[in-house]
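Chain by chain, the residues:
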Amino acid sequence: MKAIIGRKMGMTEVFAKDGLMYAVTVVEVLPNYVLQVKTKEKDGYDALQVGIEEQKESRVNSPLRGHFKKADVAPKQIIRELKGDELTNYKVGDVLKADLFVAGEKIDVIGASKGKGYSGTIKRYGHHIGPKGHGSGYHRGQGSFANNGRCNNRVLPGKKMSGHHGNLSSTILNLAVIESNAEKNYILVKGAIPGPKKGIVMIRSAIKFSKKNTIDVHELVDFTPANETPVETAIKEETKGE
């Protein structure tokens, strides 16, 4: 298994030379610099600590500044840990790029779902709305808080109530890579992935059993202008209606 960190930029569509259309999400995958290699002997588990997106040194505290200096890497804004048996050969200072994954490969994408603020139980959990006719005064209430005679001195934990909706870790399984480009730093993922635009996501190898670990991806037509990357194209399409 392998993994890499990227940033969701938006959705667009690409076409194959035979006319087939793929609805894809553009993930900007900047070089992932290895900052630390964690091992079972020293840390209790195997993982790579990576960083992306450069940051001004003046905005980094002293301990982190020393951490980056030890790895001989410029300060990074986002730091994450990646796990996978195919990442064990990397060393501090090495770089993971978008070509870690190839077209047709099955993947899982992990990200934080869109936050929807404070929501009621109908929106948050899909509860039924109350009757609206015949003088009913109950439309969007939370329902009974009774515990069927058990432990009536409190509301038992787990009761579905209104509260913060969204902004939780979400995983979409068995998606597919349509294209990866290490020169222009992007991966095109078939279908939708979790999170808002510009949200951080992790792409990893698919972990659930599938009859086919790859799919046949037809050769794509390149409509991108010479001086414009697919990431910039996706941003333009997303901002057209704004």
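Predicted model only: the values in this text are computed from it and were never measured.

**Remarks on the side chain of Glu53**
Part 1 of the argument: Among the structural elements, Glu53 can be located in strand β4 (residues 47–54).
Part 2 of the argument: Note on Glu53: relative accessible area 17%, which makes it buried.
Part 3 of the argument: At 2.7 Å, the side chain of Glu53 and the side chain of Arg7 are in polar contact.
Part 4 of the argument: Those residues within four positions of Glu53 in sequence are excluded, and the remaining contacts are Arg7, Leu30, Pro75, Lys76, Gln77 and Ile78.

**Overview of the nonpolar core**
Part 1 of the argument: Judged by nonpolar contacts, the single largest core of 27 residues is most densely connected at Val189 and Ile203.
Part 2 of the argument: Sorting the residues of this core by element identifies β1 (3–15), β4, β5 (76–82), β7 (106–112), β10 (169–181), β11 (186–190) and β12 (200–205) as the ones contributing at least two each.
Part 3 of the argument: Discounting residues that sit within four places of it in the chain, Ile203 has contacts with Lys2, Ala3, Ile4, Val27, Phe101, Ile107, Asp108, Val109, Ile187 and Val189.
Part 4 of the argument: Listed in part, the twelve residues of the second largest apolar core include Met9, Val24, Ile178 and Tyr186.

**Description of the sheet that holds β11**
Part 1 of the argument: If you trace the six strands once around the closed barrel, you get β1-β2-β11-β10-β7-β12, paired in antiparallel fashion. The mean angle between the axes of side-by-side strands here comes to 50°, regardless of whether they run parallel or antiparallel.
Part 2 of the argument: Across the sheet, helix α4 (residues 230–239) lies against β1, β2 (21–28) and β11, angled at about 60° from β1, the strand it touches most.

Rules used throughout
- Residues numbered from 1 in each chain as written.
- Predicted model: local features only at pLDDT ≥ 70, side-chain atom pairs only at ≥ 80, totals over all residues.
- Heavy atoms only, no water.
- Helix = DSSP H or I, 4+ residues; strand = E, 2+ residues; numbered from the N terminus.
- Buried < 20%, exposed > 50% of the residue type's maximum accessible area, 1.4 Å probe, protein only.
- Polar contact = N/O pair within 3.5 Å; in protein donor to acceptor, adjacent residues only side chain to side chain.
- Contact = heavy atoms within 4.5 Å.
- Core = buried A, V, L, I, M, F, W, Y, C linked by side-chain atoms within 4.5 Å.
- Pairing = 2+ DSSP bridges.
- Axes fitted to C-alpha atoms, helices over the stretch in contact; angles between N-to-C directions.

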